[in-house]
Amino acid sequence: MEKTLADLRKDYTLQGLSENDIDPNPFIQFQKWFDQALAAQLPEPNAMTVATATPDGKPSARMVLLKDFDERGFVFFTNYNSQKGQELTENPQAALVFWWAELERQIRIAGYVEKASEQESDEYFQSRPFNSRLGAWASHQSQVIASREELEERLQALQAKYENQDIPRPAYWGGLRVIPTEIEFWQGRPSRLHDRLLYTRLNDESWKIERLSP
């Protein structure tokens, strides 16, 4: 029998999340869950949705890869001239979502955004594979392009230009850091009565923890 959307149901039963189980520091709690996602060998556990909005409130979202995190925030890299780069320049606020289906877990992060330092961006750029570095030059991200062949021709020209040479980081390419004001840890539970624990950053830089209704 063909399934309908209404048939696509799963009861989440793996585990719960209580206030006694979590660390008072949300970054330590994130590291704990991220390590468990790594140990579970999930495919690309650092994949996350980044949601942005224009100054007049038009939203957009896409998947990117988390490349660094610490108590300063969560870092990904992009072309600053891309749609998300421009939106974050004009409205420097973002939301992140991690979804680890195999663990029945979700993490939601909201905060404001700043550029990573030039040194951070340089160091990460130089760690990328050769063709990925060239790709940052070849792609005018989010702009209309005539054909796939045009993109590949740009890459081939760059491969010839930079053969056996260092590739400089484009000034329009680098890191963005989401500095969280809220981090929510979500654990799936039976009957859709999920556990949701929200950390909110206070004025003194401490964190308040509250349970949200599912």
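Reading the values: the criteria
- Residues numbered from 1 in each chain as written.
- Predicted model: local features only at pLDDT ≥ 70, side-chain atom pairs only at ≥ 80, totals over all residues.
- Heavy atoms only, no water.
- Core = buried A, V, L, I, M, F, W, Y, C linked by side-chain atoms within 4.5 Å.
- Buried < 20%, exposed > 50% of the residue type's maximum accessible area, 1.4 Å probe, protein only.
- Helix = DSSP H or I, 4+ residues; strand = E, 2+ residues; numbered from the N terminus.
- Contact = heavy atoms within 4.5 Å.
- Phe/Tyr/Trp six-rings, centres within 6.5 Å; stacked < 30°, edge-to-face > 60°.
- Lys NZ or Arg CZ within 6 Å of the ring centre and 35° of its normal.
- Pairing = 2+ DSSP bridges.
- Polar contact = N/O pair within 3.5 Å; in protein donor to acceptor, adjacent residues only side chain to side chain.
- Arc of directions from axis to C-beta.

Colleague: What am I meant to see in the nonpolar core here?
Modeller: Across soluble globular proteins, you tend to see nonpolar side chains buried next to one another. In terms of nonpolar packing, the biggest core is built from 32 residues, with Phe30, Phe74, Trp100, Ile107 and Ile109 touching the most fellow members. Mapped onto this core, the elements with two or more residues apiece are α1 (26-39), β1 (47-53), β4 (73-79), β5 (93-100), β6 (105-115), β7 (173-187) and β8 (195-201). Once residues within four sequence positions are removed from consideration, Phe30 is found in contact with Leu66, Phe69, Phe74, Phe98, Ile107, Ile109 and Phe185. Val75, Phe77, Ala136 and Ala138 belong to the second-largest nonpolar core, a separate cluster that totals 11 residues.

Colleague: Even after reading the chapter, I still don't get the packing of aromatic side chains, so can you show me in this structure?
Modeller: Two aromatic rings are characterised by how far apart their centres lie and by the angle between their planes. If you walk through the whole model with that rule in mind, you get 19 aromatic pairs. Ring centres 4.2 Å apart and planes at 20° place the aromatic pair Phe77 and Tyr124 in the stacked group. Placement of the pair is Phe77 in strand β4 and Tyr124 in helix α3 (residues 118-127), with a sequence separation of 47 residues. Both residues of the pair, Phe77 and Tyr124, belong to the buried class. Judged by centre distance (6.0 Å) and plane angle (75°), the ring pair of Trp137 and Tyr172 falls under edge-to-face. Taken together, the residues Trp137 in helix α4 (residues 130-138) and Tyr172 in the loop between α5 (148-161) and β7 connect sequence positions 35 residues apart. A connected cluster of aromatic rings, assembled from ring pairs, spans Phe27, Phe30, Phe34, Phe69, Phe74, Phe98, Trp100 and Trp207. Of note, Arg105 hangs over the ring of Trp33, and the distance from its end group to the ring centre comes to 4.1 Å.

Colleague: Just checking my understanding: could you explain the pairing of strand β9 (residues 207-212) for this structure?
Modeller: On a regular strand, one side chain projects to one face of the sheet and the next to the other, so that they alternate. Bridge count between β8 and β9: six bridges; the pairing is antiparallel. Bridging from a neighbouring strand, Thr200 pairs with Lys208 of β9.

Colleague: Help me understand the side chain of Glu184, please; the structure alone is not making it clear to me.
Modeller: Among the secondary structure elements, Glu184 is positioned in strand β7. Among the residues examined, Glu184 registers a relative accessible area of 4% and is labelled buried. Separated by 2.7 Å, the side chains of Glu184 and Arg196 make a polar contact. When sequence neighbours within four positions are dropped, the list of residues in contact with Glu184 reads Gln106, Ile107, Arg108, Arg196, Leu197, Leu198 and Leu212.

Colleague: Sorry if this is basic, but what is going on with the pairing of β5 here?
Modeller: Across the two faces of β5 the burial differs, with Ala94, Leu96, Phe98 and Trp100 buried and Gln93, Ala95, Val97 and Trp99 not buried at all. Strand direction decides the pairing type here: β1 and β5, joined by three bridges, are antiparallel. Looking at β5, one finds that Thr49 is bridged to Val97. Once β5 ends, the chain turns through four residues before running back antiparallel as β6, passing Glu104 with a positive phi of about 55°.

Colleague: Help me understand the side chain of Arg177 in this model?
Modeller: Within the secondary structure, Arg177 is located in strand β7. There is a polar contact of 2.5 Å between the side chain of Arg177 and the side chain of Glu120. What Arg177 contacts, discounting residues up to four positions off in sequence, is Arg72, Gly73, Phe74, Val75, Tyr112, Val113, Glu114, Ala116 and Glu120.

Colleague: Help me out: how do you make sense of α3 in this one?
Modeller: Because an α-helix packs 3.6 residues into every turn, residues spaced three or four apart end up facing the same way. What α3 keeps buried is the set Glu120, Ser121, Tyr124 and Phe125. For α3, the angular spread of the buried residues around the axis is 125°, confining them to a single face. The exposed residues of α3 that point more than 90 degrees off its buried face are Glu118, Gln119, Glu123 and Ser127. Buried residues in α3 make contact with β4, α4 and β7.

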